[in-house]
Structure formats: structure tokens, C-alpha cells
Amino acid sequence: MADNNEAAVNQEEQGPQLSLQRVFLKDISFESPRSPMIFQEEWQPEVGMELNTRSRQVGENVYEVVLDITLNVKNADEPAYLVQVQQGGLFVIAGLDDQQLHHALGAFCPATLFPYARENVDATIVKGSFPAVMLAPINFDALYLDNLQSQQAEETTTTQ
């Protein structure tokens, strides 16, 4: 019992903790249904991007966060390629209240994973023999706040 109290005191003295333990590629997919004919066409790509995140607790103070990026690229209204990358990370997070934890899992952790996912997307596209794509930086804090406001607005509408 004394050990538990001592651990709690040590945790309070250390303050909040958030550290990346591991970065891993959870899933990757690439499809180019019109290869090789597409390489003979004039290249005028239309890029559609979808971005999602999810998280779950996998141990005491250990969380898995997955950043899912999907690019659907068309050329002259025909499919050129589809690439999907699920970039995962294990984070140790302790000493945060529920709101801070939710923010860390929804904004900070995905922002930490984004450079890894961006590199995997680019490398996969290049291996498919298409021009490199460097995804622009993303403000995950702004996305998190927008999502939070949308959820709150939806809850307000539902309760009225």
C-alpha cells in the first residue's frame, strides 16, 4: 500500500507525461488499375484526400493511435491510383485529465505520426512509377477543434 501511495506522489511530482514509444506501419495499400496505359496519357491529376484518426488504450497509460491517409487520384476523370497508409504509434500518456488526454490523442499524437505517414505515401506512389506527392503540413489542432465544435453543435441540435 505504501508503494502505491509513493508511486502516486512521484507521478504528481513528475507532472504530465507524453512520450512516443514506437512508430509502425499498420497497413499500406496501393492500386493502379489502369497501369501501364495510364503512363501514355498526359498527366493532369485530380487528387482527393481523406484523413482519419483513431485511438485506443492498449495498456496502463499506453495508447495506440492510428493516422489513416487515403489518396484517390484521377487523371482525366479516370482512376489513376489509390494509396492508403495507416501509420500507427504507441504513446505513453500519464498525468492528464480527460480533456487533455482527448486532445493529445486527437491532435498531438496524429501530428507526431504525420511525417512518417507522409513519407510512406510518397514512397509508395513513387514505387508505383507516378510523380512524387509531398502532402502539405496539416494543422491537427485546428482539425481537432473543428471536430469538437461540430460534435457539440450536433449534441445541442439533438437535445433540442
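Reading the values: the criteria
Residues numbered from 1 in each chain as written. Predicted model: local features only at pLDDT ≥ 70, side-chain atom pairs only at ≥ 80, totals over all residues. Heavy atoms only, no water. Helix = DSSP H or I, 4+ residues; strand = E, 2+ residues; numbered from the N terminus. Rg over C-alpha atoms; globule rule 2.2 N^0.38 Å. Buried < 20%, exposed > 50% of the residue type's maximum accessible area, 1.4 Å probe, protein only. Areas by Shrake-Rupley, 256 points an atom, 1.4 Å probe, with all protein chains shown as cover. Pairing = 2+ DSSP bridges. Axes fitted to C-alpha atoms, helices over the stretch in contact; angles between N-to-C directions. Contact = heavy atoms within 4.5 Å. Phe/Tyr/Trp six-rings, centres within 6.5 Å; stacked < 30°, edge-to-face > 60°. Salt bridge = Lys/Arg side-chain N within 4 Å of Asp/Glu carboxyl O. 1 Å grid on protein atoms, 1.4 Å probe; cavity = no way out; pocket = protein on both sides within 12 Å on 5 of 7 lines; lining within 4 Å. Points joined across faces, edges and corners; volume = space filled by probe spheres on them. Nonpolar A, V, L, I, M, F, W, Y, C, P; charged D, E, K, R; others polar.

1. Some thoughts on the overall build of the protein chain
Reasoning step 1: Assigned secondary structure in the protein chain consists of three helices and four strands.
Reasoning step 2: Starting at the N terminus and ending at the C terminus, the protein chain contains elements arranged as α-β-β-β-β-α-α.
Reasoning step 3: For 160 residues, the compact-globule estimate of 2.2 N^0.38 gives 15 Å, and the protein chain exceeds it by more than 25% at 20 Å.
Reasoning step 4: Projecting the C-alpha coordinates of the protein chain onto the three principal axes gives extents of approximately 70 × 45 × 20 Å.
Reasoning step 5: For the protein chain, with 160 residues in total, the buried portion stands at 30%.
Reasoning step 6: For the protein chain, the computed accessible surface area is about 10,200 Å², with 49% contributed by carbon and sulfur atoms.

2. Topic: the sheet that holds strand 3 (residues 62-75)
Reasoning step 1: A sheet is described by the order of its strands in space; here four strands give the open sequence 1-4-3-2, paired in antiparallel fashion. For this open sheet the edge positions go to strand 1 (17-31) and strand 2 (45-59), each flanked by a neighbour on one side alone. Neighbouring strand axes in the sheet, compared pairwise and without regard to direction, differ in orientation by 15 degrees on average.
Reasoning step 2: The strands touched by helix 2 (residues 98-127) within the sheet are strand 1, strand 2, strand 3 and strand 4 (78-94), with strand 4 carrying the most contacts at an inclination of about 140 degrees.

3. Some remarks on the packing of aromatic side chains
Reasoning step 1: A full pass over the atoms with the stated rule returns six aromatic pairs.
Reasoning step 2: With centroids separated by 5.0 Å and ring planes inclined at 45 degrees, the aromatic side chains of Phe-39 and Phe-130 adopt a geometry described as tilted. Pair noted here: Phe-39 is in the loop between strand 1 and strand 2 and Phe-130 is in the loop between helix 2 and helix 3 (140-159), with a separation of 91 residues, a long-range link.
Reasoning step 3: The class of Phe-130 is buried, set by a relative accessible area of 5%.

4. Some remarks on the pattern of salt bridges
Reasoning step 1: In the structure shown here, the tally under the stated rule is three salt bridges.
Reasoning step 2: The network of salt bridges with common partners includes Lys-26, Arg-56 and Glu-64.

5. Things to note about unusual backbone geometry
Reasoning step 1: Going from Ser-35 to Pro-36, the amide bond is cis rather than trans, its omega being 5 degrees.
Reasoning step 2: Turning to its location among the elements, Pro-36 is positioned in the loop between strand 1 and strand 2.
Reasoning step 3: Its identity is not glycine, yet Ala-76 carries a phi of approximately 55 degrees, on the positive side.
Reasoning step 4: Following the sequence through the fold, Ala-76 ends up in the loop between strand 3 and strand 4.

6. Quick notes on the pairing of strand 2
Reasoning step 1: Alignment of strand 2 against strand 3, held across 14 bridges, turns out to be antiparallel. Its bridge partner being in strand 3, Thr-53 is matched across the sheet by Leu-67.
Reasoning step 2: Counting the residues in the hairpin turn of strand 2 and strand 3 gives two residues, including Asn-61, whose phi is positive at 65 degrees.

7. Thoughts on the layout of surface pockets
Reasoning step 1: If you add up the space inside the largest pocket, you get close to 310 Å³.
Reasoning step 2: Lining the largest pocket are 13 residues; nearest its centre among them are Thr-53, Leu-105, Gly-106, Tyr-144 and Asn-147.
Reasoning step 3: Among the secondary structure elements, those contributing two or more residues to the lining of the largest pocket are strand 2, helix 2 and helix 3.
Reasoning step 4: Across the lining of the largest pocket, the residue classes break down as five nonpolar, seven polar and one charged.

8. A word on the side chain of Asp-122
Reasoning step 1: By the element assignment, Asp-122 lies in helix 2.
Reasoning step 2: In contact with Asp-122, other than residues within four places in its own chain, are Ala-132, Val-133 and Met-134.

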